[in-house]
Amino acid sequence: MNFNKFFNTAASRVAHATGRPITFVVCVGVVIVWALSGPFFGFSDTWQLIINTGTTVVTFLMVFLIQNTQNRDGAAIQAKLDELIRTSAAGNAFIGIEHLTEEELDEIRATCEQRARLAMAAEAADEASGRANRRAEAAADAATE
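From a predicted model like this one, the values you see are computed outputs, not experimental measurements.

## Topic: the overall build of the protein chain
Within the protein chain, the regular secondary structure consists of four helices and zero strands. Traced from its N-terminal end to its C-terminal end, the protein chain shows the element sequence α-α-α-α. Computed over its C-alpha atoms, the radius of gyration of the protein chain comes to 29 Å, more than 25% above the 15 Å expected for a compact globule of 145 residues. A total of 145 residues make up the protein chain; the buried ones form 10% of that total. The contacts of the protein chain with a sequence gap of at least 6 include a subset with a gap of at least 24, amounting to 38%. Total accessible area on the protein chain is roughly 11,600 Å²; 65% of this is exposed by carbon and sulfur atoms. Both charge centroids of the protein chain, one from 12 positive and one from 17 negative side chains, sit 9 Å from each other.

## Topic: the UniProt feature "transmembrane region" (unreviewed entry) in the protein chain
UniProt annotation of "transmembrane region" (unreviewed entry) refers to residues 21-41 and 47-66 when read in the numbering used here. Here residues 21-41 is 76% helix and 0% strand, with 30 Å between the C-alpha atoms at its ends. Across residues 47-66, the secondary structure splits into 100% helix and 0% strand, with the terminal C-alpha atoms separated by 29 Å.

## Concerning the layout of surface pockets
Estimates place the volume of the largest pocket at around 330 Å³. Taken together, 15 residues form the lining of the largest pocket, with Cys27, Val30, Gly54, Thr55 and Val58 sitting closest to its centre. If you list the elements that add at least two residues to the lining of the largest pocket, you get helix H2 (21-36) and helix H3 (45-87). Among the elements that line the lining of the largest pocket, the one with the most residues is H3, at seven residues. Among the residues making up the lining of the largest pocket, the classes are represented as nine nonpolar, five polar and one charged.

## A closer look at the environment of Ala79
One can find Ala79 in helix H3. Overall, the relative accessible area of 46% leaves Ala79 in the partly exposed class. Between the C-alpha atom of Ala79 and that of Arg135, which follows or precedes it by 56 residues, the distance is 48 Å.

## Comments concerning a nonpolar patch on the surface
A surface patch of nonpolar side chains, about 780 Å² in accessible area, is lined by Ile22, Phe24, Val25, Val26, Val28, Val30, Ile32 and Leu36. Note that Leu36 resides in helix H2.

## Brief notes about a negative patch on the surface
Negative charge collects at one region of the surface, where Glu102, Glu103, Glu104 and Glu107 lie side by side. Note on placement: Glu102 falls in helix H4 (residues 102-144).

## Let's talk about H3
In this model, H3 (43 residues) spans 62 Å end to end at C-alpha, consistent with the 63 Å of a helix rising 1.5 Å per residue. Along H3, the residues classified as buried are Trp47, Ile51, Met62, Leu65, Asn68, Thr69, Asp82 and Ile85. Where the residues of H3 are buried, they touch helix H1 (3-18) and H2.

## Structural notes on the domain arrangement of the protein chain
When its domains are assigned, the protein chain resolves into domain 1 (1-94) and domain 2 (100-144). Distance between the C-alpha centres of domain 1 and domain 2: 44 Å.

## Details of the side chain of Asn68
Note that Asn68 resides in helix H3. At a separation of 3.0 Å, a polar atom in the side chain of Asn68 contacts the side chain of Arg72.

About the criteria used
Residues numbered from 1 in each chain as written. Predicted model: local features only at pLDDT ≥ 70, side-chain atom pairs only at ≥ 80, totals over all residues. Heavy atoms only, no water. Helix = DSSP H or I, 4+ residues; strand = E, 2+ residues; numbered from the N terminus. Rg over C-alpha atoms; globule rule 2.2 N^0.38 Å. Buried < 20%, exposed > 50% of the residue type's maximum accessible area, 1.4 Å probe, protein only. Contact = heavy atoms within 4.5 Å. Areas by Shrake-Rupley, 256 points an atom, 1.4 Å probe, with all protein chains shown as cover. Lys, Arg positive; Asp, Glu negative; His and termini not counted. Charge placed at Lys NZ, Arg CZ, Asp CG, Glu CD. UniProt positions renumbered as here; feature names shortened; annotations may be inferred. 1 Å grid on protein atoms, 1.4 Å probe; cavity = no way out; pocket = protein on both sides within 12 Å on 5 of 7 lines; lining within 4 Å. Points joined across faces, edges and corners; volume = space filled by probe spheres on them. Nonpolar A, V, L, I, M, F, W, Y, C, P; charged D, E, K, R; others polar. Patch = residues over 30% accessible without salt bridge, like charges linked within 9 Å, V, L, I, M, F, W, Y side chains within 5 Å. Salt bridge = Lys/Arg side-chain N within 4 Å of Asp/Glu carboxyl O. Expected span 1.5 Å × (residues − 1). Domains from an automatic or database assignment. Polar contact = N/O pair within 3.5 Å; in protein donor to acceptor, adjacent residues only side chain to side chain.

In structure tokens:
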């Protein structure tokens, strides 16, 4: 097994395990045991150094593992979205927009929001028109009876 495959597998497993409630409970338990042991060690510098070093090392390593997992998940989701866009009636121009600058994405987002508002207004108008047509038909039916 090559290193990249090993790292991806390990990162996925660690990220999955650390996201579980039992892991949180275990960590809270460790902190409680550490805090309760304070009087036994006289709240010494070494006692404090143990929790500081432990949490720093774990945090440092977790940053890389979680970032790796998020990068792979994001890339997989992006590939799926690109394929959905490519095979649908949506414009292929949206494929690859994750590589644009923040300003370019803001412009696209604003355009999409404007189109959505126009589409909702058109749907509301169509619905109102349909209600008016149904009332007119009901009135015509009532008049012929």
